[in-house]
Amino acid sequence: MSNRRGEAAALAGLLAVAGVTHLLRPGVYDPIVPRALPGPPRFWTYASGVAELAVAATVANPATRRAGGRAAAALFVAVLPANVKMAVDWRRRRPTKRAIAYGRVPLQVPLIWWALRVARADTPGPRSR
């Protein structure tokens, strides 16, 4: 497995784990859904979990990896408001929990970079016959 394929596999794994946890433990994520979104938070928790699983599959497949990397970057941008809400809501919690909440916000930058790197790495070349 090349380093770039390994990066793609790791990104797909991260997204898949996140997607599964959104579906199996939605109560953890419901409180950080921004109130500006219409409908119940549980809908958005499940929708984001399904999106993470779909993007994971797209990143894992070499034929769709370029689009998957771009979709992953967009997904990481889209969840930033939830991470900001968590940081604001957790500002009076214990220092360890605050550190986790505050750390999620800047973590989005390397995640976005990673997803774009995966998208660029797998640009398909001409096919040989």
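Data block above holds the structure.
Residues numbered from 1 in each chain as written. Predicted model: local features only at pLDDT ≥ 70, side-chain atom pairs only at ≥ 80, totals over all residues. Heavy atoms only, no water.

> Is there a simple way to explain the overall build of the protein in this structure?
When its secondary structure is counted, the protein shows six helices and zero strands. Helices (α) and strands (β) of the protein occur, in sequence order from the N terminus, as α-α-α-α-α-α. Along the three orthogonal principal directions, the C-alpha set of the protein runs to about 60 × 30 × 25 Å. Within the protein, the fraction of its 129 residues that count as buried is 30%. A separation threshold of at least 6 residues defines the contact pool for the protein, and within that pool the share at least 24 residues apart is 63%. Put simply, the protein shows about 8000 Å² of open surface, and 65% of that area lies on carbon and sulfur atoms. Averaging the positions of the 20 positive and the 5 negative side-chain charges in the protein gives two centres separated by 3 Å. (Helix = DSSP H or I, 4+ residues; strand = E, 2+ residues; numbered from the N terminus. Buried < 20%, exposed > 50% of the residue type's maximum accessible area, 1.4 Å probe, protein only. Contact = heavy atoms within 4.5 Å. Areas by Shrake-Rupley, 256 points an atom, 1.4 Å probe, with all protein chains shown as cover. Lys, Arg positive; Asp, Glu negative; His and termini not counted. Charge placed at Lys NZ, Arg CZ, Asp CG, Glu CD.)

> Mind showing me how you'd approach the pattern of salt bridges here?
Once their charged atoms are close, side chains differing in charge can pair, the charge on each being opposite to the other. Enumeration over the complete set of coordinates arrives at three salt bridges. For the salt bridge of E7 with R117, the shortest nitrogen-to-oxygen distance reads 2.8 Å. Separated by 110 residues along the polypeptide, E7 in helix α1 (residues 3–24) and R117 in helix α6 (residues 95–121) bring together distant segments of the chain. Under the relative-accessibility criterion, E7 is labelled buried at 13%. Measuring nitrogen to oxygen at the nearest pair gives 2.5 Å for the salt bridge that ties D30 to R42. (Salt bridge = Lys/Arg side-chain N within 4 Å of Asp/Glu carboxyl O.)

> Please explain the side chain of E52 as it appears in this structure.
In this fold, E52 is placed in helix α3 (residues 41–60). No salt bridge is formed by the buried E52, whose closest oppositely charged neighbour, R104, lies at an N-O distance of 7.6 Å. Residues within four places of E52 in sequence aside, it is in contact with L15, A18, G19, H22 and L75.

> Can you walk me through α1 in this structure?
Three- or four-residue spacings in an α-helix give side chains the same orientation, since the helix completes a turn every 3.6 residues. With 22 residues, α1 should cover 32 Å at 1.5 Å per step; its first-to-last C-alpha distance of 31 Å lies within 8% of that length. The set of residues buried in α1 consists of E7, A8, L11, A12, L15, G19 and H22. The buried residues of α1 occupy an angular sector of 130° when the element is viewed end-on, so they sit on one face. Facing away from the buried side of α1 by over 90 degrees, the exposed positions are N3, V17 and L24. (Expected span 1.5 Å × (residues − 1). Arc of directions from axis to C-beta.)

Note that every value here comes from positions in space, so none of it alone points to a role or purpose.
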